[in-house]
Amino acid sequence: MTHITLFPGDGIGPEISAEFKRIISALAAPITFDEYLIGERAFEKYGVLIPEEAINSVKQNKTALKAPVTTPVGKGFKSVNVQLRTIFDLYINLRPAKTLPGVPGRYADVDIVTFRENTEDLYIGDEYEIEDGFIARKKITKTASERIIRAAFEYAKAHNRHTLTCVHKANILKKTDGLFLETFNRIAPEYPEIEANNRIIDNMCMQLVTCPSLYDVLVAPNLYGDIITDLIAGLVGGLGMAPAANIGHDIAIFEAVHGSAPDIAGLGIANPTAFFLSGALMLEHIGLEKEAEKLRSAIEEVLKEGKTLPKDLGGNAGTKEYTDAVISRL
Ligand code: NAI
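Rules used throughout
- Residues numbered from 1 in each chain as written.
- Predicted model: local features only at pLDDT ≥ 70, side-chain atom pairs only at ≥ 80, totals over all residues.
- Heavy atoms only, no water.
- Helix = DSSP H or I, 4+ residues; strand = E, 2+ residues; numbered from the N terminus.
- Polar contact = N/O pair within 3.5 Å; in protein donor to acceptor, adjacent residues only side chain to side chain.
- Contact = heavy atoms within 4.5 Å.
- Near = heavy atom within 4 Å.
- Areas by Shrake-Rupley, 256 points an atom, 1.4 Å probe, with all protein chains shown as cover.
- Pairing = 2+ DSSP bridges.
- Phe/Tyr/Trp six-rings, centres within 6.5 Å; stacked < 30°, edge-to-face > 60°.

A. Expanded view of the side chain of aspartate 216. Residue placement: aspartate 216 occurs in the loop between α7 (201-210) and β10 (217-220). A distance of 2.7 Å separates a polar side-chain atom of aspartate 216 from the backbone nitrogen of histidine 162. The contact partners of aspartate 216, leaving out residues within four places of it in the chain, are Asp111, Ile112, Val113, Arg161, His162 and Thr163.

Written as structure tokens, this is what we have:
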């Protein structure tokens, strides 16, 4: 049995994580979930957003599945997600995006995996005042650039991907983005089987909305990665369909990209697909590739058939009903 830390989260989190547990039972996957509250409910119960036991469980299990959590607003709290990335040095934000049958999208053939650097860039939050406004500092280091770029090349190689594109603005930010691009160009020759190229961020955005099928794996510093991953999610059906992983040296936390959707919490109508797909990434990560594939195929069949779709995909199935349909095809 592999122990996985499960954060059932807030809002729609408990609903979609309960459904995922039913899927794991139906798959008979050798997994035991160790459940811990983090986020708003943890704060209400324990007075902290991330209790120590939750941190220790991730340290011990090395793999966690996290449903969305609510970070209380206006009380000076640092985002739970940012805290987790910092505590465990989860430097890779991995965002696969693929057109799924039956899901309305602009293109039929998008299949892009983005590696977003997760620890530096403008997200260090180093802003200071000047006479007429503020300045924000952007941090790009050789070490952080090298490890995300290597991870992207290794992924491309392991998954038989053909092209890796580096996204940057090195024509303007000659030192910071210049270093990121220079690091990419230095590492690329070590992977002759992968075609390495680069795009300036503005051109990248235009190309992604006009000819996304030309792109395969992307690697980007934090801010550009943040923006293009949502743009790409929009091409394949929106955030309700977007899984993600935050990966560090030996710890990985899997999560859906969307938030806790408090407006529909408790109504039983949340679309659990993104969370299920994040679960599939988690299964793959711990070596249960067959189970991951079974789950993905079952989801694709249900979507393609189009009879049992959640509300946000134009259907009228509740979260449980949709999960039943997925389970019936496992
Ligand atoms: P949100 O993603 O929770 O909701 C935006 C809209 O999308 C809402 O109308 C919601 O009903 C809908 N939606 C989201 N997920 C859905 C799903 N699975 N099925 C059907 N509809 C869905 O973003 P919002 O409203 O900006 O944030 C709400 C809370 O979530 C905030 O407290 C925020 O801090 C938190 N959040 C947490 C994240 C995480 O834990 N990974 C990520 C983003 C936001």
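B. Seen up close, the site of the ligand. Surveying the vicinity of the ligand reveals 19 residues, the closest of which are Val69, Gly259, Ala261, Asp263 and Asn271. At a separation of 3.0 Å, an oxygen atom of the ligand approaches a polar backbone atom of serine 260. The protein chains hide 64% of the 820 Å² of surface that the ligand would expose on its own.

C. Structural context of the pairing of strand β6 (residues 121-130). In this sheet, strand β7 (residues 133-139) lies alongside β6 in antiparallel orientation, the contact comprising six bridges. By the bridge assignment, isoleucine 130 is partnered in β7 with glycine 133. The antiparallel pairing of β6 with β7 creates a hairpin that spans two residues between the two strands.

D. View of the packing of aromatic side chains. As enumerated under the stated definition, the model contains six aromatic pairs in all. Here phenylalanine 20 and phenylalanine 275 contribute two aromatic rings whose centre-to-centre distance is 5.9 Å and whose plane-to-plane angle is 80 degrees, an arrangement assigned as edge-to-face. On the criterion of sequence distance, the pair formed by phenylalanine 20 in helix α1 (residues 13-27) and phenylalanine 275 in helix α9 (residues 273-285) is long-range, its members being 255 residues apart. Each ring, one from phenylalanine 20 and one from phenylalanine 276, has its centre 6.1 Å from the other, and the planes form 35 degrees; the classification is tilted.

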